Amino acid sequence: MRPLADFSLEELTELVESMGEKKYRAKQLMRHIVAYDSFDEYTDLPKTFINSLRENYIDRVLVENTRVVSSDGAVRYLFQTVGGDLIESVFLPHDYGNSVCVSCQVGCAMGCGFCASGHYGLKRNLSAGEILSQVLFIARDKRNEGGINKLVMMGSGEPLHNYYNTVKFIRLVNSEYGLNIGMRSVSLSSCGLIDGIDRLASDGISCTLSLSLHAACDDKRKKIMKIAERYTVAELVAALKRYFDKTGRRVIIEYILIGGFNDTDADAVMLKNLLKGLCCHVNLIPLNKTEYCDFSPPTKKRAYGFCEKLKSSGVSASVRRSMGSDVAGACGQLKNRTVEQKIKK
Ligand code: SAH
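We now turn to the structure provided with this report. (Residues numbered from 1 in each chain as written. Predicted model: local features only at pLDDT ≥ 70, side-chain atom pairs only at ≥ 80, totals over all residues. Heavy atoms only, no water.)

1. Description of the packing of aromatic side chains
The geometry of two aromatic rings is summed up by the distance between their centres and the angle between their planes.
Then step 1. For the coordinates displayed, the defined rule picks out 8 aromatic pairs.
Then step 2. Geometrically, the ring pair formed by phenylalanine 261 and phenylalanine 295 is tilted, given 6.2 Å between the ring centres and 40 degrees between the ring planes. Here phenylalanine 261 is found in the loop between β12 (251-257) and α9 (265-274), whereas its partner phenylalanine 295 is found in the loop between β13 (280-286) and α10 (300-312), with 34 residues between them in sequence.
Then step 3. Aromatic rings pair up to connect Tyr36, Phe39 and Tyr42 into one cluster.
Then step 4. Cation over ring: arginine 2 sits above phenylalanine 7, and NZ or CZ is 4.1 Å from the ring centre. (Phe/Tyr/Trp six-rings, centres within 6.5 Å; stacked < 30°, edge-to-face > 60°. Helix = DSSP H or I, 4+ residues; strand = E, 2+ residues; numbered from the N terminus. Lys NZ or Arg CZ within 6 Å of the ring centre and 35° of its normal.)

See the structure below:
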């Protein structure tokens, strides 16, 4: 059975018509998918229609397993999918509104050395409805705390490695009958699959694109990211320039600062030279510790020193405040807990 949350408005329209219902029911269904997670609550629809939906489609895509609340207000949710996989999402309250960080895959195939999400490899892609349901669940849960204004695709998984469902998800949240969240309020973070970056631009997806660069030269990048064997940093920057030319959207460069590895002034100069001519902002992320790697975060002084070095050479940069690290909910700390739970048994 397929989750109803997987359906676009066009697909819902085809579905309701094939069931002998009027076209307007599709918009009604889409609104219900946002508001409720049970067919029982679709009370304004004909009983026979609801019953045949019930027989063929899934209403509740995710069930909460546990949640952990951080001292900074971030909440890490652990959800169970219909098939029994466990996935994580994070609620992030900010002064300017609330965001949700979603996972797009169970596990991850990219195998970056500093990131917990890829430790056990990729189990499977999440469907668009499974990605959407993370946001819907949290939006309902936080209904009285101002709702959700921003989405970040920075949880487990590589969005451009699950391209079809990622783009479908972005279109679903963007829909006026869905959550109606603007493309500009969606950030997609990628380790840099160049084909995907080019496809995003040609498919008219003008979200905020964040590139996980983490090193300014190929040698260093290869030491921490497998994907660096496939694409050079120069090719990545060229792809980002094309993305900017097509969408007019400034890109974000994510750069994890790893103590003694990529945090010297010489690294900052190399980064400045690499980014020459690219309209971007550099987000510096002091490494979050995970149990799987021996790297260390930089000292606070070094992190801000690196940032100042970039700024004084004309590069827009800031040090990212990481939320949720005390509950393993910060960047790079989300993981495929299904495997761990199986191992623990
Ligand atoms: N696959 C995507 C999105 C998931 S990771 C990507 O690679 O961008 C989201 C962000 O967290 C990325 O910038 C990633 O590099 C960063 N991240 C991963 N592990 C981290 C860690 N241990 N400390 C800080 N940031 C980390």
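2. Side note on the pairing of strand β11 (residues 208-212)
Along any regular strand the residues' side chains alternate between the sheet's two faces.
Then step 1. For β11, the tally of buried residues reaches 5 of 5 residues, placing the bulk of the element in the interior.
Then step 2. Alternating residues of β11 divide into Thr208, Ser210 and Ser212 and Leu209 and Leu211, and every residue in both groups is buried.
Then step 3. Where strand β10 (residues 186-190) and β11 come together, 4 bridges link them in parallel fashion. The residue of β11 that forms the bridge with leucine 188 is leucine 209.
Then step 4. Where β11 and β12 come together, 3 bridges link them in parallel fashion. Note that in β12 the partner of serine 212 across the bridge is glutamate 254. (Buried < 20%, exposed > 50% of the residue type's maximum accessible area, 1.4 Å probe, protein only. Pairing = 2+ DSSP bridges.)

3. Structural notes on the site of the ligand
Then step 1. Neighbouring residues of the ligand: 19 residues in total, closest Phe114, Ser189, Ser212, His214 and Asn288.
Then step 2. Between the ligand and glutamate 158 there is a distance of 3.0 Å, counted from a nitrogen atom to a side-chain nitrogen or oxygen.
Then step 3. One of the side-chain N or O atoms of histidine 214 is found 2.5 Å from an oxygen atom in the ligand.
Then step 4. For the ligand, the protein covers 96% of the area, taking 530 Å² as the surface of the free molecule.
Then step 5. Counting only elements with at least two residues in the shell around the ligand, the list comes to β10 and β12.
Then step 6. Among the residues forming the shell around the ligand, the class breakdown is 8 nonpolar, 9 polar and 2 charged. (Near = heavy atom within 4 Å. Polar contact = N/O pair within 3.5 Å; in protein donor to acceptor, adjacent residues only side chain to side chain. Areas by Shrake-Rupley, 256 points an atom, 1.4 Å probe, with all protein chains shown as cover. Nonpolar A, V, L, I, M, F, W, Y, C, P; charged D, E, K, R; others polar.)

4. Section: the state of the cysteines
Then step 1. Summed over all chains, the structure comprises 0 disulfides.
Then step 2. Of all cysteine sulfurs, the one in cysteine 112 lies closest to cysteine 191, which takes part in no disulfide; the gap is 5.4 Å.
Then step 3. Residue classification places cysteine 191 among the buried positions, given a relative accessible area of 4%.
Then step 4. With no disulfide of its own, cysteine 217 lies 16 Å from the sulfur of cysteine 112, the closest cysteine sulfur. (Disulfide = S-S within 2.5 Å.)

5. Side note on the sheet that holds strand β3 (residues 62-69)
Adjacent strands of a sheet form backbone hydrogen bonds with each other and so pair up, either parallel or antiparallel.
Then step 1. Taken together, the 10 strands give an open sheet; going across it, the order is β3-β4-β5-β6-β9-β10-β11-β12-β13-β14, and neighbouring strands pair in mixed fashion. The open sheet is flanked by β3 and β14 (317-319), the only strands paired with a single partner. Averaged over all adjacent pairs, the angle separating strand axes in this sheet is 20 degrees, with direction ignored.
Then step 2. Here helix α8 (residues 233-247) sits on the sheet in contact with β11 and β12, set at roughly 175 degrees to β11. (Axes fitted to C-alpha atoms, helices over the stretch in contact; angles between N-to-C directions. Contact = heavy atoms within 4.5 Å.)

6. Thoughts on the pattern of salt bridges
Then step 1. Scanning all chains against the criterion turns up 16 salt bridges.
Then step 2. Between lysine 168 and glutamate 11 there is a salt bridge, with the nearest N and O atoms lying 2.7 Å from each other. Placement of lysine 168 in helix α5 (residues 163-174) and of glutamate 11 in helix α1 (residues 9-18) is noted, with a sequence separation of 157 residues between them.
Then step 3. Take lysine 168: its relative accessible area is 12%, and that puts it in the buried class.
Then step 4. Among the ionic pairs, aspartate 85 bridges to arginine 124, the shortest N-O distance being 2.7 Å. One end of the pair, aspartate 85, is in the loop between β4 (75-81) and β5 (86-94); the other, arginine 124, is in strand β8 (residues 122-125), with 39 residues separating them in the sequence.
Then step 5. What makes arginine 124 partly exposed here is its relative accessible area of 26%.
Then step 6. Salt bridges sharing common partners tie together Asp85, Lys123, Arg124 and Glu130. (Salt bridge = Lys/Arg side-chain N within 4 Å of Asp/Glu carboxyl O.)

These figures come from the coordinates and say nothing about function on their own.
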